[in-house]
Amino acid sequence: MNPFQYTRSLAAAGAIQSVLKEPHAHFLAGGTNLIDLIKMGVVTPERLVDINPLPLKGIEKTATGLRLGALATNSEVADHPLVLQGYPLLSLAINAGASPQLRNMATVGGNMMQRTRCNYFFDTAMPCNKRSPGSGCGALEGINRMHAIFGASPACIAVNPSDMNVAMVALDAVVHVKGPKGERKIPFADFHRLPGDHPEKDNTLERGELIMAVDLPAPAFSQHVAYLKIRDRTSYAFALVSVAAALKMDGNMITDARLAMGGVAHKPWRLHAAETFLKGKTPGDDTFKQAAQIAMQGAKAYRYNQFKLTMAPNAILQALKTASA
Amino acid sequence: MKQDKIGDPLDRVDGRLKVTGGAKYSGEYKVPGLTYGVLVPATITNGTVTAMDTRAALRAPGVLAVITPFNAPPVPGYQPGAAKPVKGLKLFNDNQVHFNGQPIALVVAETFERATYAATLIKTTYQPQPFETDFHKNFDKGVVPNEGKYKDYVRGEADAYKNAPVVVEQDYMLPSEMHNPMELHVTTAFWDGDDKVTLYTKSQGVVGSQRAISTAFGLDPANVQIHSRFVGGAFGSSLRTWPHEVAAVQAAKLVKRPVKLTLTREQMFTLVGYRPLTIQRIGLGASTDGKLVGITHESHSQTAVYEEFTENAVNVSRFLYASPNANTRYKVVPLNVGVPAPMRGPGEATGSFALESALDELSYKLGIDPIELRLRNYTYTDPERNLPWSSKYLKECYQQGAERIGWDKRSAQPGTQRDGEWLIGYGIGCGAFGAYRSKTSAKIKLLPDGTVNIQSATSDIGPGTATSMTLIAADTLGIPADKITFQLGDSSYPIAPTQGGSQTVSSVGSAVHDACVALKQKLNTLAGLSPDTTAPIDYAGILTKHNLPMLELTQDSQAGDDAKNYSMYSFSAHFAQVYVHPLTGQVRVKKLVAVVDGGKIVNLKTASSQMIGGAVGGIGMVLTEEAVFDDHFGRYVNGNFADYHVPVNADIPDIEAIFIDKPDPIINPVGTKGLGEISLIGVAAAVANAVYNASGKRIRELPITPDKILMA
């Protein structure tokens, strides 16, 4: 851990000004990921701007849907009656992540900012373009069992580790941010980015921008939902592959579908083509298998994650079966 | 007043201390003037340290010293020509780096945080050399251990299985597994003058630690005090004194203040041993009616280039089943890695996974039920040593376990039983582990209030040693357990063996038993009775009557020649019911039954807990645990508790521990044989065999993660 400045901010504008003071300044929310990274020397901030005093904890109804304050904890969101009622997929996804202790500390905004769990990113003695641009990618020829099968680049094959993000992208959430140039909205699907030539950038936030809230649209998928997370132990492990599935049914017909995967890309991976395919279909293994096949188009595996080419479509099939049951 | 008896389920005598935080572990002693040591690990995998710039670290606030290969005060036992040279890695004694993560410096500072920070300021220059860490690539470079002097075993004809009517020949792989006790390894050391040193250290054997530290520093063992009263799990990782413990003593001498050195979780992956990566080949040959005609067991496992580690992976195949022909071969592959160490059920757990999996494969080939196959090859004498067993109730283990797991519900045809989407399967895996007894001594003291204090330099890494010793004393003396205190974990107490190899109750229990008998004889004599009178006596009254302030004696206890005439083993049969999800590859153990012939059970409660703990370790071994290594860089990639998966509660089903509970008539006065290792040995095979029975998928490379199920 390097020595750094610590600032506690009472207002968003002040927090943003503070974080702009040094090139390597970070907002600090729950700290469940950032503090680990600082202790390991993966992140070496010059300043931490603690935003916990900011009034961003609320979970409130909006004209159309629900607003989740950036500092609402994962536990508060997952257990909130309005979330359980209107957005059970989000609750399932959040509760599939981490442990109760971590979920009690982790926040909506912090979860979105969670860095990859790629082991090469975490170990300063090994190369990583995300941690140290230009140093190379240790995972490309290394132990890449947990790594991406979609949207990777030669510079980085890491995946986004969040479960919450997978549900958020499936539910068409919208991110509200505030920055030195004012406020703007970012569709959740555009918040995280693919690595390309700049894997050091996880998302599309600009310097100094602070997540204020996440808006969920009107509840549309409150019944037929499933979050399937396949992992190396039953709890407290990151996803090998996860699937968020939500169906709108009219009798025995799928009228609308949402599908997204985790553990497969540098961002939560929405499966639009498969969703389109499912619309108007009757639930059934054959339909779901075809949807899975469509979803898997363009997948590319590496030495140790070949299994994901089998596991991912199986997981889609299983999640759709569960959601439609 | 209730008389506590051997076999009762007695609560842990130190349970309250443990759950209230009153139990003080080695890292919790606040010695005046304490300083903190932090190790600096090498980031190359082989080569030399050519220079270290420690100026910034030395200038950092609170730093007292930086020990490097270039300035380290000499450790006498490290020097050429030392009377008793220290074996293994000698930290800071030269500038060689043998493995990635090897400590190359030790920073001592006023606080842990300051030492940690200063450690990051050291700039090291290396001359790297090519290295070999890839076990598979170097498989053919395996060597016969002990400079080629290790002897392969042959009974009858070698490789006779090959000519049998029915043959199974398969390879089984076990990855490196870390002990990963919850408590980190920690040592606090301080000197009194130049020739006396005290350590609070995580140790499975304070006598062994005393010997190791006195050897390293050329001290009279009486001048080395080791305290290790409570240990937060060890599983074999604290059987020996590690180089970093020596370094803490070395640093304390240099700064002339107490030094506390705590390993990080990541350092626990490189500095305190592990169960080595192993590939085993099993050849089984049988007649069509299921009689084994040949067993061949070969094992290759990793070791370090700087120190050889061996274990008994192949030994179980020599004696567990009757077969006229049996042979074993064993090689180790030296690599640029840290040295392994015994880990719960060392060798035998590894070997049993391979042998018991192969036997299961044979049962399907023959179309014979796996239990029936084991019965057809049951052996009433030890075929390896051609001796009678001191006791063996493995048949009873089969029978009781089969009943409890519901073996009759098992389908002989894999993949045919379902509960909804899940496939159901049943499996059995057996284990055996030598029942040992080492020389032990105990001091017993009767006080005027009728209470009894007993001391012996054993340890308690979790099984509840003080509790079972209390129970043995209570029963032997005929007084209630709450009148007895048993003290351990202090090298000034009478000698006891290191707590390893499942021998504590057998060894220390015998000394406690014998000390109690001796005390009672003395009191009987004082009371004018025949020494061997068994009638209850008034302990305090006899002291008062003879005007004695107390009565104290020290009793040695050791086995006779019986080990020459009998083969002594604990046996276990583990049964698993497992669910496998065919689409997702998830495996859930639904029920585990462990049936054990461990001789007489001293404390039903702690013994059950010990069995459950071992079974949890077995579930980790078979389903989740793997230390993953990157051979490009020579480093572990999952050196933390997020990525190295020990089982969590959600992975653990109902575990039922059943004891045959018949005293062994030979081994020791109480008839105990030991539980620590066999609680784990056999579990992996039971689960893996159940996975096959459920899914028809035979996974021969542990752990059985969902990807392996899907790709099989």
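Basis of the calculations
Residues numbered from 1 in each chain as written. Chains lettered and ligands numbered in written order. Predicted model: local features only at pLDDT ≥ 70, side-chain atom pairs only at ≥ 80, totals over all residues. Heavy atoms only, no water. Helix = DSSP H or I, 4+ residues; strand = E, 2+ residues; numbered from the N terminus. Rg over C-alpha atoms; globule rule 2.2 N^0.38 Å. Contact = heavy atoms within 4.5 Å. Areas by Shrake-Rupley, 256 points an atom, 1.4 Å probe, with all protein chains shown as cover. Domains from an automatic or database assignment. Pairing = 2+ DSSP bridges. Axes fitted to C-alpha atoms, helices over the stretch in contact; angles between N-to-C directions. Buried area = accessible area lost by both parts, 1.4 Å probe. Salt bridge = Lys/Arg side-chain N within 4 Å of Asp/Glu carboxyl O. Polar contact = N/O pair within 3.5 Å; in protein donor to acceptor, adjacent residues only side chain to side chain. 1 Å grid on protein atoms, 1.4 Å probe; cavity = no way out; pocket = protein on both sides within 12 Å on 5 of 7 lines; lining within 4 Å. Points joined across faces, edges and corners; volume = space filled by probe spheres on them. Nonpolar A, V, L, I, M, F, W, Y, C, P; charged D, E, K, R; others polar. Parallel < 35°, antiparallel > 145°, perpendicular 65-115°, else oblique. Left-handed = near helix turned anticlockwise from the far one by under 90°. Core = buried A, V, L, I, M, F, W, Y, C linked by side-chain atoms within 4.5 Å. Buried < 20%, exposed > 50% of the residue type's maximum accessible area, 1.4 Å probe, protein only. Arc of directions from axis to C-beta. Phe/Tyr/Trp six-rings, centres within 6.5 Å; stacked < 30°, edge-to-face > 60°. Patch = residues over 30% accessible without salt bridge, like charges linked within 9 Å, V, L, I, M, F, W, Y side chains within 5 Å. Lys, Arg positive; Asp, Glu negative; His and termini not counted. Charge placed at Lys NZ, Arg CZ, Asp CG, Glu CD.

Caption draft 1: Molecular detail of the overall build of chain A. Along the backbone of chain A there are 13 helices and twelve strands. A globule of 325 residues ought to have a C-alpha radius of gyration of about 20 Å, and chain A, at 19 Å, matches this closely. C-alpha extents for chain A along the principal axes are approximately 60 × 50 × 35 Å. A sequence separation of at least 24 residues applies to 63% of the contacts in chain A between residues at least 6 apart. On chain A, roughly 12800 Å² of surface is accessible, and the fraction owed to carbon and sulfur atoms is 53%.

Caption draft 2: Examining the domain arrangement of chain A more closely. Partitioning chain A into domains gives domain 1 (5-52) and domain 2 (224-324). Taking only C-alpha atoms into account, the centre of domain 1 of chain A sits 36 Å from that of domain 2 of chain A.

Caption draft 3: Structural context of the sheet that holds strand 9 (residues 224-231) of chain A. All names here are of chain A. The strand order across the open sheet formed by four strands is 9-10-11-12, and the pairing between neighbours is antiparallel. Single-partner strands in this sheet number two, and they are strand 9 and strand 12 (269-270). Bridge count for strand 11 (residues 253-262) against strand 12 is two bridges, and the pairing is antiparallel. Bridging from a neighbouring strand, Ala260 pairs with Arg270 of strand 12. The strands touched by helix 13 (residues 308-324) are strand 9, strand 10 (239-250) and strand 11; relative to strand 10, the strand with the most contacts, the crossing angle is about 35°.

Caption draft 4: Looking closely at the environment of Arg55(B). Along the chain, Arg55(B) falls in helix 2 (residues 55-59). Taking C-alpha positions, Arg55(B) is 35 Å from Met182(B), a pair spaced 127 residues apart along the chain.

Caption draft 5: The arrangement of the sheet that holds strand 18 (residues 418-419) of chain B in detail. Residues and elements named next belong to chain B. Ordered by their spatial adjacency, five strands build an open sheet running 18-19-24-25-28, and the pairing between neighbours is mixed. The sheet terminates laterally at strand 18 and strand 28 (654-659), the two strands that pair on one side only. As defined by bridge partners, strand 24 (residues 569-580) adjoins strand 25 (residues 587-597) across ten bridges and the pair is classed as antiparallel. Each residue of the ladder has a partner; that of Ala573, found in strand 25, is Val595.

Caption draft 6: A look at the interface of chain A and chain B. The interface is formed by 35 residues belonging to chain A together with 34 residues belonging to chain B. Between chain A and chain B, roughly 2800 Å² of surface is buried when both sides are summed, and carbon and sulfur atoms account for 60% of that area. On the chain A side of the contact with chain B, Asp232(A), Arg233(A) and Thr234(A) bury the most area, a combined 21% of that side's loss. Joining chain A to chain B, the criterion identifies two salt bridges. A salt bridge links Asp707(B) to Arg145(A), with the nearest nitrogen and oxygen atoms 3.1 Å apart. In this assembly, chain A and chain B are joined by 13 residue pairs in polar contact (both at pLDDT 80 or more). Ranked by the residues each element gives to the side of chain A that touches chain B, the list is headed by helix 13 of chain A, at six residues.

Caption draft 7: Molecular detail of empty space enclosed by the protein. Residue and element names in this part refer to chain A. What the rule picks out here adds up to six cavities of 30 Å³ or more. In this structure, the largest cavity encloses a volume near 150 Å³. Surrounding the largest cavity, 14 residues form its lining, Arg117, Cys118, Met146, Val159 and Phe238 being those nearest its centre. Considering only residue class, the lining of the largest cavity consists of seven nonpolar, five polar and two charged.

Caption draft 8: Structural context of the packing of helix 14 (residues 604-624) of chain B against helix 15 (residues 683-695) of chain B. Residues and elements named next belong to chain B. Where helix 14 meets helix 15, the closest approach of the two axes is 8 Å, and the angle between their N-to-C directions is 55°. Here helix 15 runs oblique to helix 14, going by the angle between their axes. Our pair here, helix 14 against helix 15, has a crossing hand that is right-handed. Contacts from Ala615, Gly618, Ile619, Met621, Val622 and Leu623 in helix 14 reach Val683, Ala684, Val687 and Ala688 in helix 15. Grouping the amino acids of the contact of helix 14 with helix 15 by side-chain chemistry returns nine nonpolar, one polar and no charged.

Caption draft 9: Structural view of the nonpolar core. In terms of nonpolar packing, the biggest core is built from 84 residues, with Leu284(B), Leu362(B), Phe575(B), Val687(B) and Ile704(B) touching the most fellow members. With residues near it in sequence (within four places) discarded, Leu284(B) still touches Tyr161(B), Val166(B), Val167(B), Val168(B), Leu292(B), Gly294(B), Ile295(B), Leu355(B), Ala358(B), Leu359(B) and Leu362(B).

Caption draft 10: Summary view of helix 1 (residues 12-19) of chain A. All names here are of chain A. Among the residues making up helix 1, those that are buried are Ala12, Ala15, Ile16, Ser18 and Val19. Taken around the axis of helix 1, the buried residues stretch over an arc of 160°, which confines them to a single face. For helix 1, the secondary structure elements touched by its buried residues are strand 1 (5-8), strand 2 (25-28), strand 3 (47-50), strand 6 (174-179) and strand 8 (210-216).

Caption draft 11: Molecular detail of the packing of aromatic side chains. Residues and elements named next belong to chain B. One pass over the structure, following the stated rule, counts 26 aromatic pairs over all chains. A ring pair is formed by Phe99 and Tyr306, whose centres lie 5.6 Å apart and whose planes are at 20°; its orientation type is stacked. Remark: Tyr306 occurs in the loop between strand 14 (292-304) and helix 6 (316-319) and Phe99 occurs in the loop between strand 4 (96-97) and strand 5 (103-109); sequence separation between them is 207 residues. Like Tyr306, Phe99 is buried. Geometrically, the ring pair formed by Trp191 and Phe217 is edge-to-face, given 5.7 Å between the ring centres and 80° between the ring planes. Within this pair, whereas Trp191 is found in strand 9 (residues 186-192), its partner Phe217 is found in helix 4 (residues 206-217), the two being separated by 26 residues in sequence. Among the residues examined, Phe217 registers a relative accessible area of 9% and is labelled buried. Through a chain of ring-to-ring contacts, the aromatic side chains of Phe269, Phe629, Tyr636 and Tyr644 assemble into a single cluster.

Caption draft 12: Just the pairing of strand 9 of chain B, in detail. Residues and elements named next belong to chain B. Counting buried residues along strand 9, five of its seven residues qualify, which places the element largely inside the surrounding structure. Sheet topology places strand 9 next to strand 12 (residues 259-262); four bridges connect them, and they run antiparallel. For Thr187, the partnering residue across the bridge sits in strand 12 and is Leu261. Here six bridges tie strand 9 to strand 10 (residues 196-201), and the two strands are oriented antiparallel to one another. Within strand 10, the position partnered with Phe190 by the bridge is Thr198. Hairpin connection, strand 9 to strand 10: the antiparallel pair is bridged by three residues, and Gly193 has positive phi, about 70°.

Caption draft 13: Spotlight on the domain arrangement of chain B. All names here are of chain B. When the domains of chain B are assigned, the result is domain 1 (15-24 + 438-558), domain 2 (31-130 + 181-264) and domain 3 (278-436 + 565-711). Distance between the C-alpha centres of domain 1 and domain 2: 36 Å. Both faces considered, domain 1 and domain 2 share a buried interface measuring about 1400 Å² in area, 56% of it formed by carbon and sulfur atoms. The three residues of domain 1 that bury the most area against domain 2 are Ile461, Ser491 and Thr498, which together make up 39% of that side's buried surface. In this assembly, domain 1 and domain 2 are joined by zero salt bridges. Counting across the interface, domain 1 meets domain 2 through six residue pairs in polar contact (both at pLDDT 80 or more). Along the lines of polarity and charge, the residues of the side of domain 1 that touches domain 2 split into seven nonpolar, six polar and four charged.

Caption draft 14: Structural view of the packing of helix 4 of chain B against helix 5 (residues 243-255) of chain B. Residue and element names in this part refer to chain B. In the contact formed by helix 4 and helix 5, the axes pass within 11 Å of each other and the chain directions differ by 55°. Comparing the axis directions of helix 4 and helix 5 gives the class oblique. Note that helix 4 runs across helix 5; the crossing there is right-handed. Contacts from Ile213, Ala216 and Phe217 in helix 4 reach Val246, Val249 and Gln250 in helix 5.

Caption draft 15: Fine view of a negative patch on the surface. There is a patch of like negative charges on the surface, built from Asp192(B), Asp194(B), Asp195(B) and Asp220(B). Relative to the elements of secondary structure, Asp192(B) occurs in strand 9.

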